[in-house]
Amino acid sequence: MDETQYLLTVFEEWLPLYKVDIPDELQVAAVETVLEFYGTGLGMFEFIEEYLKIALDYKIAEDCGHMCMFMFADISEEYIESRADSGLCSLIDTYLWGSLSSSAKACGRVSINGGEYIEFDDNTTLGQLGLEPEGYEKLEFDCQFSDA
């Protein structure tokens, strides 16, 4: 089956069988992604399984922001995965404890990958700071940590 016929089958026969609340443009993007990775070789069930994973991930990204990967430089060596709409202060509370958390929030300024310091407050999200999708950024606070 050529790609045109495959796409007709997908949109006219397979997708109507599964009702999901996903905008049309995200559905098209998910179908394109499945085709990019797997070509036209998947049967209906395999295609739908991959399509739903991708389409739902796109929907979550649209609703909650893209996925960010970051670490707190000089404090941790592990990357944290979170959505762009996650609040920086909430993440500080989750991943830093005691005086580290208090100091990081009190300084109110953070640098991404050694760039200029950006001011943040209780409502600042990772997306507002400019973290990129899966960019593996390092966040550095504009303060000294006594027990880091």
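See the structure printed just above.
Everything in this summary refers to the structure shown in the same document. (Residues numbered from 1 in each chain as written. Predicted model: local features only at pLDDT ≥ 70, side-chain atom pairs only at ≥ 80, totals over all residues. Heavy atoms only, no water.)

The next subject is the pairing of strand E3 (residues 109-112). Across three bridges, E3 lies against strand E4 (residues 117-119) in antiparallel orientation. Considered in E4, the bridge of Val 110 is made with Ile 118. With three bridges connecting them, E3 and strand E5 (residues 137-141) associate as antiparallel partners. Considered in E5, the bridge of Val 110 is made with Phe 141. (Pairing = 2+ DSSP bridges. Helix = DSSP H or I, 4+ residues; strand = E, 2+ residues; numbered from the N terminus.)

This paragraph deals with helix H5 (residues 98-107). Burial in H5 covers these residues: Leu 100, Ser 101 and Ala 104. Each buried residue of H5 sits inside an arc of 95° when the element is viewed along its axis, so together they form one side. Exposed residues on H5 whose side chains face more than 90 degrees from its buried face are Gly 98 and Ala 106. Where the residues of H5 are buried, they touch helix H4 (88-95) and E5. (Buried < 20%, exposed > 50% of the residue type's maximum accessible area, 1.4 Å probe, protein only. Arc of directions from axis to C-beta. Contact = heavy atoms within 4.5 Å.)

Here we take up a nonpolar patch on the surface. A contiguous nonpolar patch, built from Leu 17, Tyr 18 and Phe 45 and spanning about 330 Å² of accessible area, is present on the exposed surface. Tracing the backbone shows Leu 17 in the loop between helix H1 (3-14) and helix H2 (24-38). Residue Leu 17 is classed as exposed on the basis of its relative accessible area, which comes to 55%. (Patch = residues over 30% accessible without salt bridge, like charges linked within 9 Å, V, L, I, M, F, W, Y side chains within 5 Å. Areas by Shrake-Rupley, 256 points an atom, 1.4 Å probe, with all protein chains shown as cover. Salt bridge = Lys/Arg side-chain N within 4 Å of Asp/Glu carboxyl O.)

If you walk through the whole model with that rule in mind, you get nine aromatic pairs. Between Phe 47 and Tyr 51 the ring centres are 6.2 Å apart and the planes differ by 10°, which places this aromatic pair in the stacked class. Residue Phe 47 and its partner Tyr 51 are located together in helix H3 (residues 44-64), separated by four residues, close to a single helical turn. In this structure, Phe 47 and Tyr 51 share a single accessibility class: buried. Members of the aromatic cluster, each reached through a chain of ring pairs, are Tyr 6, Trp 14, Phe 47 and Tyr 51. (Phe/Tyr/Trp six-rings, centres within 6.5 Å; stacked < 30°, edge-to-face > 60°.)

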